[in-house]
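# Chain and residue survey
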Amino acid sequence: MLTHIREHTKLQEAHIPVALLGLLFVLFGSLNPLPAKAQNSQSDRVQEYIDRNTELLDWSYDVVRETENMPARRVLEEALNLHRRSISLLAEDHTAMAFKTAQSCRAASRNAVRMARESMGYEERVRLRTERFRDQYSHLMDQAREANNQRALDLLRRSEGMAIRASEQYQQGDARLAFKMLEQATELMNRAARMLAGSGGSERMDQKIEMAQMAIERAGEKLLESADPAARKLLTESEHALGRAHDFRDQGQPDRALQMANMALRLANRSMSAEDSGPNAESVQRQIERWDERSSRASDLVGDSGHEAAVRLLQQARQQRERAVESQGQEDFQTALRQIRAAHDLLTQAEDMVR
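Reading the values: rules and limits
The residue count restarts for each chain, going from 1 along the sequence in the order it is written. For this predicted model, a pLDDT threshold of at least 70 governs which residues receive local features, and a threshold of 80 or more governs which side-chain atom pairs are given and counted, while totals over whole chains, interfaces and linings are taken from all residues. Note: side-chain values were computed over all heavy atoms of the structure, leaving out hydrogens and water. Only DSSP runs of H or I covering at least 4 residues are called helices, and only runs of E covering at least 2 are called strands; the numbering of each starts at the N terminus. In what follows, residue pairs with any heavy atoms lying within 4.5 Å of each other are defined as contacts. A 1.4 Å probe and the Shrake-Rupley method give the accessible areas. Residues count as covered only by the protein chains that appear here. As a per-residue measure, pLDDT reflects the predictor's confidence and takes values from 0 up to 100. The salt bridge definition used is simple: a Lys or Arg side-chain nitrogen within 4 Å of an Asp or Glu carboxyl oxygen. Exposure categories follow from relative accessible area, calculated using a 1.4 Å probe and restricted to protein chains: below 20% of the type maximum is buried, above 50% is exposed, and the middle band is partly exposed.

## Details of the overall build of the protein chain
Looking only at helices and strands, one finds 14 helices and 0 strands in the protein chain. If you list the helices and strands of the protein chain from N to C, you get α-α-α-α-α-α-α-α-α-α-α-α-α-α. Sequence-distant contacts, at least 24 apart, represent 76% of the contacts inside the protein chain between residues at least 6 apart. Roughly 19,100 Å² of accessible area belongs to the protein chain as shown, and the carbon and sulfur atoms make up 48% of that amount.

Next up, the structure:
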C-alpha cells in the first residue's frame, strides 16, 4: 500500500487527502506492530485483523482507482479514515473499540469495491446505450422534421434533454444514475419512433405486408404437391405471422405490424428453400456457425437494451440452438435444421424488438 500512497497526484484526484495518507505512513511505521510486552492474546488478534485490513485497502485502492466513480472513492476515503482510527485505538489499548472500528473499515472498503465494480459495468452499458441513442436520435430527428410532426419533435427534444443530463451525471462519476436517465431518454425516443411509424411509416408497412402475401402465395403454389412436413410447417407459421401483422395494423400498431410482416416474408421464403434441397450435416453446421456469429452481436444489443421480452426471446433462441446440436449429434438433420432456423428467427425477433 505504501507504493500507492506515494502516488499522491492520483489520490488528490480521488479526493483522498494527501495529509491523511501521510499520517497513515507515519502510523504504519511507528505504531504497527505494537511492542510485544503490551500485547495480549486479544490485542494480537485485533492486530492481525487490522494488518489484514491494510492488505485489503491496498487491493481496494487498485480496484477503485480504475473507475471515475466518485461515490466509490469517497467510501474508500472513509475506509482509510476508519483504518487510521483503528490503529490509534489499538495503540491506546482500546482493543474492543479498535476491533469494532476495524470491522467498519473492512465493510467500507468492500463496499467501495462493490460500487466501483458496479460502476465499471454501468460505464460500459452507458457507453453502448449512448452510441445507440445518438444514432437513432439523429435518424428520428430527420424523419420528424421531414414529416413536420411537432409531437414527435417535442418528444425527441425532451429525450435529448434527458440524455444531456445523463451525460452530466456520468461526468460527475455516477454511472448508475446516468444509465437510468438514459433509459428514460430512450423510452421518450421510442415513443417518438412509434408515433412516426404511425404516420410516415404506414406506406412501408403496407408494402411489406403485400410482399409477404405474395411470397406466401408463391410458396403455397410451389408446395401444393409437397410432402415435406418442415416446409409445410414453415408456410403455416408464415401465414400465422401475416395474420398477426394484419391484426396489429388494424389495432393502430404499425411498428408491430411491420415486424410481423417481415417475419412472415422470411418464413415464406424459407419454406420454399426448404423444399429445394434436403438437409445434411454440412448445411446444419453452417446454420449453427452462422447463429453463433449472430448471437454474439445480438447478446450485446439485447443486454444493453434491458428489454425483458427481448431477453426472453434470446434465451429461447439459445435453447433452440442447443436442441439443434443434440439433433445433429443424433443425425436427425431434418429436425436439427428446423430447430436452428427457429433459433435464427427468435434471434431476429429479439433484435427487431430493441432496434
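Additional details are given in the paragraphs that follow.
## Describing the confidence of the model for the protein chain
Detailed reading of predicted coordinates is not advised where the pLDDT is low. Averaged over the protein chain, the pLDDT score is 76; the fraction of residues at 70 or greater is 80%. The least confident element of the protein chain, judged by mean pLDDT, is helix H2 (residues 8–13) at 36; the most confident is helix H7 (residues 150–171) at 89. Across residues 1–39 the pLDDT falls below 50, and counting only partners more than four positions away or on other chains, this stretch makes 66 contacts in the model.

## What to know about the environment of Ala 245
Positionally, Ala 245 belongs in helix H10 (residues 229–250). Spatially, the C-alpha atoms of Ala 245 and Met 205 are 9.2 Å apart, while their sequence positions differ by 40 residues. The contacts of Ala 245, once residues within four sequence positions are left out, are Ile 209, Ala 257, Met 260 and Ala 261.

## A few points about the pattern of salt bridges
Within this structure, the stated rule accounts for 3 salt bridges. The partner of Asp 292 in a salt bridge is Arg 321, with the nearest N and O atoms 2.9 Å apart. In this pair, Asp 292 is assigned in helix H12 (residues 281–305) and Arg 321 in helix H13 (residues 308–329), connecting sequence segments 29 residues apart. Relative accessible area serves as the criterion here: at 30%, Asp 292 is assigned to the partly exposed category.

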